[in-house]
Each structure stands twice: as C-alpha cells, then as structure tokens.
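This is what each chain is made of:
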Amino acid sequence: MINTLVGDFSREEFMLSGHNACSGCGPAIAMRFIMKVAASGAVVVIPASCWSIISGVVPLRSLKTVVLHCPFPAAAATGGGIKKGLEAVGDSRTQVIVLAGDGGTFDIGLQGISGAAERNEDIIFICYDNEAYMNTGTQKSSATPYGSYSATTPAPKVKSDPKKDIMEIVAAHRVPYAATATIAFPGDLSQKIQRALETKGFRFIHILTPCPEGWGSPADITVKLSRLAVLTRLFPLYEIKNGAEYKLNFLPEDYLPVNEYLKPQKRFASLDKLQIEHIQESVENHWKELCCKTGTRK
Amino acid sequence: MRTLDKDGYALPPVYQETVPTTENKTGLWRFLTPIRREKISPCRKSCPLENNIPRWINEVKEGNWGKAWSVMKKYNPFPAITGHVCYRFCEDECSRGFLDEAVHIGEMEKKIGLWRHRNYKFSETKPGNAEANEGKKPEVAIAGSGPAGLSCAYYLNVLGAKVTILEKMSQAGGLLATGIPEYRLPRDILQKELDILQSEGIIIKTGLKVGKDITLNDLRKNYAAVLLAVGAQESKLPQIAGDAVSEVAGAVEFLRDIHLNKIKKVQGQIVVIGGGNAAVDAACMAKLQGADKVTLLYRRTREEMPAHSDEVNAAREAGVDFVFCAVLQEIIGGEKIQKIRACRAAPSRRGERLQILAETAFDLDCDFLIMAVGQESGLSRFSSLSFSADGIAENGAAVFAAGDALSGPATVADAIFSGRKAALLLAGILWPEKNISNLSVASSLNGNEPIVELEHLNPRLFLRQGRFNTAEDEAGRCFGCGICNNCGVCWAFCPDLAVGGSDFEILLDYCKGCGICVRECPTGVLEMEEVSSGGA
C-alpha cells in the first residue's frame, strides 16, 4: 500500500508505462486506477476508443490482464456474452469489465447497454467520458456539452444541445449500481469500483476524464479541470442503487462559478456571457434536482 | 497468457499481444522535465531562526518525535523555551492561513521540546569520560547565559569544544530568568534546559561578572575564544525635569528585581512609559504583583506599538490601562513622586518626528514610574572593542559578540539564532582546517534561495476538516511548503506511471512531460525545466 494525500492505494500496477496516450491524458489516469482495483481476475472488453489505443495496438499491450477488443456498438453485448460463456463452463468468479468511451456509451453503444441493463447482465460497464470522439479527431458526441467546440460543431456554431444524461438513462433500467466518478478524486473512484465489484448484476460507472488535446487545455491542468468540474457542481459525484436510491458522495464546501471550469478550455472560447449564464443556470437546476433525489438540503 | 491471482486462480487462456508497452520509450516525446527543487517556506522565511519548520512537522505527522527533534536541534536547540515565548512570526505567514487557519506551529514546537525534556537521559558518567579527551578540546568562554550564550554554548559543545559560561547574576538564564515573566516561561522549563546543558558537559559559573570579577584579558589568556553575549539589560533613563526621585526604575531592572525577589510587593498607582515588549511586560507584571492601577503611556498609536499583539492582549486582560499618543513631560513631587504631567501628541508613524500638541497637558497620579524607552548594550563596558555586524571584534583577536548585546533588544529566537551564527564563526577560528558539516548546525540562508509562492501550492487537495485534537492531526494540516514530504500525489496522478513508488523519483524513460505532477504537487517542490536538445 502507498498512503498518499489523495487516498491509500495498492503498490501493485496492472498497467505498464510506455502506452501511447497523449501527454497529460485523463483517461489513462482513470484506466490505471480501474486496473489497480479490478484487473486481478477480470476479463476486459474494449470497443473502439482511446482506451483501445492506450491498452495497446498490435503488437503492444499495456494491461496485465486478458483484453478483448470488440466492435464499436457491441461492447455491452460482447461483455454479456463472455460472462454467459464463462458461467456455462462453470467459472462464476471471473469479472467481466467493459471499458468504453463516451461514443461507445452515449451514442454507438447505447442500444447494447440498454439491452444488457434490461437483462441485468452480470458485467461492469465503465465509461470514460472525454465528451467527444477524441480518438478520431474531436467529432461531437451526445456527451459533448452545450457550448462546446468540436470538429463537427465548429465555432461559432458550437453545440447547441445539452449533454445527454446517461446516468438517468441507466438508472431508468433499475440496475443494481450506477455511479459517477472523476480522476481528481482517485480515492472515491477506487471505492466505487470496489463497490461495483462487490455488487452483482449490471453495474455502471461514468468517469469524467479531461482530454487536453480535445478540450484545448494545457496538459498539466487535466486533474485540476476534473476537480473544478466537481467543485463547480458541473459534474457531481453520486451513486444510484437499484435505480432509485441516490447518494451524493461529495458536497463542495463553497461552490465555484462554472466559468472557473470553462475558462481554461479553448473548446468553450466562443461562449458569450449569456451562454455562460445559461450553463450556470442549468448546472444549478441539475444540482437542485439531484439534491431533491438525494434528500440533501444545500 | 494466464494470470494467476493470489489464490492460484487463473483467468481463461486467451491469445494476448506479446510486446509490453515498456518497450516504447515515451520519454522521447518530452520537451519539459519535472524536477524536484527544494524551496524556502514562508514560515521559514519569517522565522528569526530560519527554522526548517515543514521538515520537522512532517516527522510529527508520523509521530516520529525523536526524528522531529533531530531536525529541530540543527536550527533551534531550545524548542521548549521558544515554544513558550516565541511570538510565532511563522504562523502569521503560514500558507494554510489563506485556506482556513494557520497551522499551530508554536504548539508543536513546544511539544517537541517537552518530548525531549521527558526523554532526556541524564548521564552521570559523561564528565568523567570527557576528561580523557579534555586536552584536545579547545576551550571557549561565554559571558552571559541568556538565550544567545546558551545557544552558542550548545552548538560549540556539539561541535567538540569545552564551553564555560560565566553569568553575573546568581541564577543562569539571563533574560529568560530575570526578564520574561513566569506566566510566559515557567521556570522549571528553563531549569530543565540548563540541567540538560550541564549534563552534556557545559560548565555554568554564576556570580561572575566579566569586566569586574574577572577581566576580559584573563579570559583571553585562558581560553581559545571568548564570546560576549551580555545582553542589553541597562535601561536608558532620559533626563526629565524633576526626575531626581527614587521611585523611578527602568523596566528591565524592575522585572529583574521582581524575579530576584528584591521587590516583594507592588502597590499604588504605577505609570509605565514606552511601547515595546519590555514596557508591556513590566506593566503587566506590576498589575499582577498587586498594583492598584497601572497606566501605560505610549507616544504613538496602538498600531505603531513595537510590542507584539500577544503581549498587549495579555496586558489588557490583566487590567493595564493604555494611553496612546501621550508623551511624558515632567515628574511632579519633591522627595516622593506624586504625579506625572504628560502632553498629547499628534498621531504619527514610527520614524517620523513627533509633534507635541500644545496645551494638552494632563496629570496622572503616580506612586512609581517605570521607564522603558530603550536599553543599553552590555558591550558598552568593553569600550576598547568594536564589533562588526557579524559580531567579530575588529581589534581583539578571538573575541566575539552575539545576541541583544550586538543587535539591540530583540526576541529570544533572534538571540538563539545569533548564538548559532556565532558558534559557526567561532568554529572557524577553533578548527580552521576542519570543514564544519551542516549535520549538527544549520548555516544561515544567503537570501537567494527560492521562496514558495502561493501559486506553487495546491490547497484544494487539503479539504477542510473539522477540529484537530492531536499534534499528529495538526501536523497533517501543514502543506509542507517547499519540501518533498512523500505525500505521493505525483505518483497517484501520473498518467504514464512514470513516478517510482519508493521515493517518488521521475522515470525519465517514460515521462512525457505533461506537468500534472508539478501542477498537483501540494508543496511546490516540483517544477518544470526545459529539456536540453535531444530530448530525454
């Protein structure tokens, strides 16, 4: 164990240095902590995404576990199938973990998730959310937030629709466990993966992972942006059990204005004052909604 | 590939790619390299002792009191004393103060000192053992057993000299014994400190005044070097019309007489003139000793008072009345003092000329007048010597000065620092060929060291947490400005697993130079440096 200021973690690594992530990659940090907690005794399924590159393109591998690359829309189905197959040969211990990007979760993989969630397949589905198709050149996904630049929503015609609320979609399937996490809180992230491992049925974790290349932010503030997302309440950390029991995991002591989070990112450079106010308002509405659901008075 | 877990359970066999990514030296991508460069913390910068506070706080955090003491003693050999009496300039500058509340550095310092007092093993055999080496040890005489003298004695003893301290009073400790009120420094703390020093082999002779009972020339003949740490303990008494009365005393003398039990009881109306710590201490002491009314007159405003706010607040609590912008004009009374007459002055800043307002004179009843308007250095009686700013006698070989005697009245911490500097100076004379290592005595900063700025830190990692009950908890609140305290944040946030897990060194083969570790480092010890051409 290594005791750090941000949590106590196992010394053992299940990910190797030298992977091909960009400098300052947020998803790589998330992957490392997921692997630390879950890799031993798990099969990992990865659809097309940055993570499929980071885990190694032929002939490289960076994960010390069994990895299966699968087609873009089929991640949840592949995961569910592997789990059923393992059970058929009498292996009930091996955990199946699907690691997908926001494209493979919010858009292309959505029908697969819905199906697997409906059947309550015994898999953990982890989505790293860098809010666009970063691996192919920053095309907009339905995880791209309102007001963000992307290759397919260039300024000044930046994205005009809000981000899809994937947590509500998953919760509506009444799955046993769903949670949000982000890389600036690795202790919380590890805990949630541990909780998912201990739960049976379809488990879903949504991790916000800033992407310096796609977001137009300096490489060194990746973790800082992730922290600001939580402190501005733009990305609250919460859990949903059985689709109904909401729990907030982190209550910021004093809220920061969303502009603190938006300003360092070039993808939001074209926003005017009204648009920023609009984002602030929608953040506050979402927070109020969440407080209602969790019974938090704040 | 088959992966076995700790129970010998194997994952299903599936074909895996064979080349580990560690073959891929991503360090070649880098054009900036994180490097570790220790900096000076704001607390250390403001400490008169230049004490490396974050270093020993880091040991306290782990409960390693012994290690904390071994860091502390290089900078400050008397943490129990300074923990009680220091004004804690460090806490005024503490970076944590900008988040919630400054770390309680003074309390922890005191605890380290008391830990040392509890755990010190007095050796009875030591003086006997030392005799064998006696001939080889150079002998040093120190005049004055105040904080400067004691500190210099401690360090010279550690470095291997045979030290004799000469104290003119009947009890050792200088200002610590006869100046600082007992409510600020319990005398058993001082006594324990003196006992420890004597047990370490330092000889303290009381009742010997250098220049009177023994001449400086005798000392120079018998000792390899002489340090004059005689303090500044003579109050300056200005000539005020009609002051030829016996009920006027300097603050230093007044405090000394109380501590030596020469004054048994104080009564009546006391007036104190002055705004420094000595004035406030004397006023407070007079009140506590039973004076009916104590009034302190200071010629400028409260904000301009040189006395530390701790002292002023303590005096206020004790019931001392403060009159600001008032100047003593005349002492009224014949044989016995009856009244003093004072005038109002326009509010002014220190260093500005005082403007006395005409026709504002007022009288105060007064039975005893205490003057605290400056102190004379004890060096004045060695008028044949003159000293450089460092305390080296310019015309007397191997004679040095330190403490208040050299600098004028200052704090206990300043005096201890002065003693430490003098010890290093003397060591250069005693052992000219020896390279004095910094292992036992910290040398002073040269002022060019980089200082931690607030923007180097990452306070958001320290979420506000409720009350802190133990010293270990309190130490955990310290950001550790400017040092690496193995917090592991760089290791945790590295996307490239390019920080080693043992002592958090950067693995240059893989570091892509993103700078997350530098940005997230809570102590500001990491910084980015450009890679020289050719990459890693």
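Scope of this entry: the structure provided in the associated data block.

So, how was this worked out
Residues numbered from 1 in each chain as written. Chains lettered and ligands numbered in written order. Predicted model: local features only at pLDDT ≥ 70, side-chain atom pairs only at ≥ 80, totals over all residues. Heavy atoms only, no water. Helix = DSSP H or I, 4+ residues; strand = E, 2+ residues; numbered from the N terminus. Rg over C-alpha atoms; globule rule 2.2 N^0.38 Å. Buried < 20%, exposed > 50% of the residue type's maximum accessible area, 1.4 Å probe, protein only. Contact = heavy atoms within 4.5 Å. Areas by Shrake-Rupley, 256 points an atom, 1.4 Å probe, with all protein chains shown as cover. Lys, Arg positive; Asp, Glu negative; His and termini not counted. Charge placed at Lys NZ, Arg CZ, Asp CG, Glu CD. Axes fitted to C-alpha atoms, helices over the stretch in contact; angles between N-to-C directions. Parallel < 35°, antiparallel > 145°, perpendicular 65-115°, else oblique. Core = buried A, V, L, I, M, F, W, Y, C linked by side-chain atoms within 4.5 Å. Domains from an automatic or database assignment. Pairing = 2+ DSSP bridges.

Turning next to the overall build of chain A. Looking only at helices and strands, one finds eleven helices and eleven strands in chain A. Its C-alpha atoms give chain A a radius of gyration of 18 Å, within 12% of the compact-globule value 19 Å for 298 residues. Its C-alpha atoms give chain A principal-axis dimensions of roughly 60 × 45 × 40 Å. For chain A, with 298 residues in total, the buried portion stands at 61%. Nonlocal contacts in chain A, meaning residues at least 24 apart in sequence, comprise 68% of its contacts between residues at least 6 apart. Accessible surface computed for chain A: about 11,100 Å², of which carbon and sulfur atoms make up 55%. Side chains of chain A give 32 positive and 29 negative charges; the mean places of these two sets differ by 2 Å.

Quick look at the packing of helix α3 (residues 65-75) of chain B against helix α6 (residues 105-119) of chain B now. All names here are of chain B. The geometry of α3 relative to α6 is characterised by a closest axis approach of 10 Å and an angle of 105 degrees between their N-to-C directions. Classified by the angle their axes make, α3 and α6 are roughly perpendicular. Between α3, through W65, G66, A68, W69 and M72, and α6, the contact on the second element is made entirely by M108, E109, K111, I112, W115 and R116.

What follows concerns the nonpolar core. Membership of the largest hydrophobic core comes to 91 residues, with the highest contact counts inside it found for A:M31, A:M35, A:W51, A:I54, A:L99, A:I126 and A:Y261. With eight residues, the top contributor of residues to this core is helix α1 (residues 26-38) of chain A. Mapping this core onto the domain boundaries places at least three of its residues in each of domain 1 (21-38 + 485-530) and domain 2 (42-119 + 452-476) of chain B. Those residues in contact with A:M35 that lie beyond four places of it in its chain are A:F14, A:V44, A:L63, A:T65 and A:L99. Formed by 71 residues, the second largest nonpolar core is a distinct cluster that contains B:I142, B:L197, B:V412 and B:L426.

With that settled, consider the sheet that holds strand β3 (residues 139-143) of chain B. Residue and element names in this part refer to chain B. Across the sheet, which stays open at both edges, the five strands sit in the order β5-β4-β3-β6-β17 with parallel pairing between neighbours. Sheet topology places β5 (203-206) and β17 (399-401) at the edges, where each strand pairs with a single neighbour. Geometrically, the sheet is characterised by an average inter-axis angle of 20 degrees between neighbouring strands, direction not taken into account. As judged from the five bridges shared by β3 and strand β4 (residues 162-167), these two strands associate in the parallel manner. The partner of A141 across the bridge, within β4, is T164. Its contacts with the sheet put helix α16 (residues 412-430) on β3, β6 (225-228) and β17, and the angle it makes with β6 is roughly 165 degrees.

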